[in-house]
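Chain residues, written in single-letter form:
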Amino acid sequence: MHRRDFLKLMAALPLVRISWRQRPPATHHSAETQAEDIDHPNILILLFDTFSAKHASLYGYPRHTTPNLERFANRATVYHAHQASGNFTNPGTASLLTGAYPWTHRSMHLYSPIIPPYVDKNLFRALGHTQYHSVAYSHNMVAVTLIYQFLNDLDNFKKTEELCLHDGQLADQFFFNDYDLATWRERIFRGAADISSYPSSLFYFLLNGEYWQAKKEAINEQYRDRFPVGVPYHHDQIFLLEDAINWLRDNLETLPQPFVVYFHLTPPHEPYCPSKEFYGHFNDSWVPEPKPEHVFTQEHPYGELIAACQTYDEYVAFVDSEFGRLYDHLNSSSLLDNTYFLVTSDHGEMFERGIQGHLTEVLYDPVMRVPLLISAPGQQERRDVQAPTSAVDVMPTLLHLANRPIPTWCEGEILPPYQTAGTERSVFAVEAKSNAKRAPLTRATVAMVKGRYKLIHYRGYSGFDDEYELYDLEADPEELNDIYATASVASELKEELLTKLEEVNAPYS
Ligand SMILES: [Zn+2]
């Protein structure tokens, strides 16, 4: 290491506290007494990052991607129009865990934290410090930066590296007690921070890059038989999904009860790495419907999109098979007799209109609609909910099921069937990564789903300002026929959306 690099590293050290920021262990009831105490059921949230409902056969996708979720659905409530609150990890995850929309918690940018007033307004805190034993884990370091904000409300925040084959991030390995500070410092070293596009440490940047490549190639070689296109990875973490599933399989039953467990697993997030069993599994003649390019096209040719879509579908099928392995284990145990088991995602993925992935300005169905299945303790039959629901509904629903008060800040509602459906309401999604964090939403995309209609509003984009699209999702589920100019309902929906935006912008105006 160059001397100046060493000094830069040392300069960071005073920012790093060495104490464990861990709250004293709570008093928990024994597993035996809690098994009968359904007033405080266990809660298991399993989140697969970037899992589009549009690509799940559970929801009618032509490729048979999710046979295991379909088995699970036979003892769960299946939400058919469940909307993420944002189109990438920060807004999607923060909304799920705070019950607030991105315009409220303000985690609207990549690696952007929740603003201080909402850090304490999280699911783990609301469930009760002394009541619930709380565990969280994520492979995805973007999600880790959010969960880290709730550290004081967690009994066990498992380190990412514990379930990784290789973790190339220093902040995670050596400075986890101060992950929030250390990760920013490390990103500046490496030129990956939003505040600088250049590495501040040339030698560390180069050495780390070389080391990472060598490590990745060695691991890929070791697992070549199981993962023909490479072992799953994301950013600096190389991991086997199987290891995280195995941890849940082997440890859930021994946790103090009642527990709340949040496992945020990166697959099927890009890069798509299906196992050998699923690689080439969908090498069929089916192709998605071609759609015209959007003004926000990334100019991916159609052939490229359908090839990526096939590999994504194969990765989804792999994720589903791993889910099935966990489900079979839980099904054979008694844990589901006193556990609410949720499967969901933070956002979807898209392969259309010249756009691939989820870092985009658009909010179409493939990137917004995610799976949500909730299995209640002992549930043996399937229920289906067709009404639009939102990620912000998950927290108030869980608080209701745990007999905890629902705080006034929650912007969601208790989900059916746990509450009888009231009047038709609107749910929202926000894309504002190019808007200033603490400012009115003037450069953003906002979608509002109400009943069968979805209104999308684009504001503040250069050359695409104050634009609207309206789709009838029942008649036009592929969102190909924009009826904004012709539908009589358009003006009423537009007024509702603009009134809402005025309301949420008011604190920043
Ligand atoms: Zn994500």
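What you see is a predicted model, and the numbers here were worked out from it, not measured in a lab.

When you go through the chain residue by residue, the secondary structure sums to 16 helices and 17 strands. Out of the 509 residues in the chain, the part that is buried amounts to 47%.

Strand order in the open sheet made by the eight strands is 4-3-8-1-9-12-2-13, with mixed pairing throughout. Edge positions in the open sheet fall to strand 4 (156–157) and strand 13 (383–390), since each of these has one partner strand only. The pairing of strand 1 (residues 42–48) with strand 9 (residues 339–344) spans six bridges and is classified as parallel. Its bridge partner lying in strand 9, asparagine 42 is registered against threonine 339.

With antiparallel pairing, three strands are arranged side by side in an open sheet as 5-7-6. In this open sheet, the two strands that pair with only one neighbour each are strand 5 (166–167) and strand 6 (233–234). Sheet topology places strand 5 next to strand 7 (residues 237–238); two bridges connect them, and they run antiparallel. Bridge pairing in strand 7 places aspartate 167 opposite glutamine 237.

Another point: the pairing of strand 2 (residues 77–83). By the criterion of burial, strand 2 is predominantly enclosed, with six of the seven residues buried. Where strand 2 meets strand 12 (residues 372–375), three bridges bridge the pair, whose relative direction is antiparallel. Bridged to valine 78 within strand 12 is leucine 373. Pairing geometry for strand 2 and strand 13, over six bridges, is parallel. Within the sheet, the bridge partner assigned to alanine 81 lies in strand 13 and is proline 388.

Across the seven residues of strand 1, seven count as buried, placing the element largely inside the fold. Pairing geometry for strand 1 and strand 8 (residues 259–265), over six bridges, is parallel. Residue pairing across strands places leucine 46 opposite phenylalanine 263, the latter belonging to strand 8.

Here helix 12 (residues 241–251) crosses helix 13 (residues 302–332) at 15°, and the two axes come no closer than 10 Å. Regarding the angle of helix 12 to helix 13, the classification is roughly parallel. The two elements helix 12 and helix 13 meet at a crossing, and its hand is right-handed. Contact residues: Leu241, Glu242, Ile245, Leu248 and Arg249 in helix 12; Val319, Glu322, Arg325, Leu326 and His329 in helix 13. Its residues assigned to classes, the contact of helix 12 with helix 13 comprises five nonpolar, one polar and four charged.

Bringing the nonpolar core into the picture now. Val261, Phe263, Leu373, Leu398, Val430 and Ala447 are the most contacted members of the largest nonpolar core, which totals 130 residues. It is helix 13 that provides the largest number of residues to this core, a total of eleven residues. Structurally, this core is a two-domain feature, drawing no fewer than three residues from each of domain 1 (40–164 + 235–425) and domain 2 (434–509). If we skip the residues at most four places from it in the chain, leucine 398 touches Ile43, Leu123 and Tyr340.

Relative to the assigned elements, tyrosine 272 resides in the loop between strand 8 and helix 13. Dropping the residues within four chain positions of it, tyrosine 272 is found in contact with Thr311, Tyr312 and Tyr315.

As a further point, take unusual backbone geometry. For the bond running from glutamine 257 to proline 258, omega is 0°, close enough to zero to count as cis. Inspection of the secondary structure puts proline 258 in the loop between helix 12 and strand 8. In this structure, proline 417 follows proline 416 across a cis peptide bond, with omega equal to 5°. Within the element layout of this structure, proline 417 appears in the loop between helix 15 (394–401) and strand 14 (426–431). A positive phi angle is found at glutamate 299, which is not glycine, with a value near 65°. By the C-beta count within 10 Å, which is 8 here, glutamate 299 ends up exposed.

Take leucine 415: it is sitting in the loop between helix 15 and strand 14. On the neighbour-count criterion, leucine 415 (24 C-beta atoms within 10 Å) is buried. Considered as a pair, leucine 415 and threonine 397 are 18 residues apart in the sequence and their alpha carbons are 5.8 Å apart. Non-local contacts of leucine 415, meaning those with residues more than four positions away in its chain, are made with Thr389, Asp393 and Thr397.

Turning our eyes to something else, we now look at the environment of isoleucine 374. Looking at the secondary structure, you find isoleucine 374 in strand 12. Classification of isoleucine 374 by C-beta neighbours within 10 Å gives buried; the count is 24. Spatially, the C-alpha atoms of isoleucine 374 and arginine 75 are 8.7 Å apart, while their sequence positions differ by 299 residues. Non-local contacts of isoleucine 374, meaning those with residues more than four positions away in its chain, are made with Ala76, Thr77, Tyr340 and Leu342.

Once that is clear, we can look at helix 15. The periodicity of an α-helix, 3.6 residues per turn, causes residues three or four places apart in sequence to face the same way. Among the eight residues in helix 15, seven count as buried, and that is most of the element. Within helix 15, burial applies to Val394, Met395, Pro396, Thr397, Leu398, Leu399 and Leu401. Just downstream of helix 15, asparagine 403 is the residue with a positive phi angle, here 60°.

The rules behind these values
Residues numbered from 1 in each chain as written. Predicted model: local features only at pLDDT ≥ 70, side-chain atom pairs only at ≥ 80, totals over all residues. Helix = DSSP H or I, 4+ residues; strand = E, 2+ residues; numbered from the N terminus. Buried ≥ 20, exposed ≤ 12 C-beta atoms within 10 Å, placed from the backbone. Pairing = 2+ DSSP bridges. Axes fitted to C-alpha atoms, helices over the stretch in contact; angles between N-to-C directions. Parallel < 35°, antiparallel > 145°, perpendicular 65-115°, else oblique. Left-handed = near helix turned anticlockwise from the far one by under 90°. Contact = placed C-beta atoms within 7 Å. Nonpolar A, V, L, I, M, F, W, Y, C, P; charged D, E, K, R; others polar. Core = buried A, V, L, I, M, F, W, Y, C linked by C-beta atoms within 7 Å. Domains from an automatic or database assignment.

Scope: geometric values only; no functional claims are made or implied.
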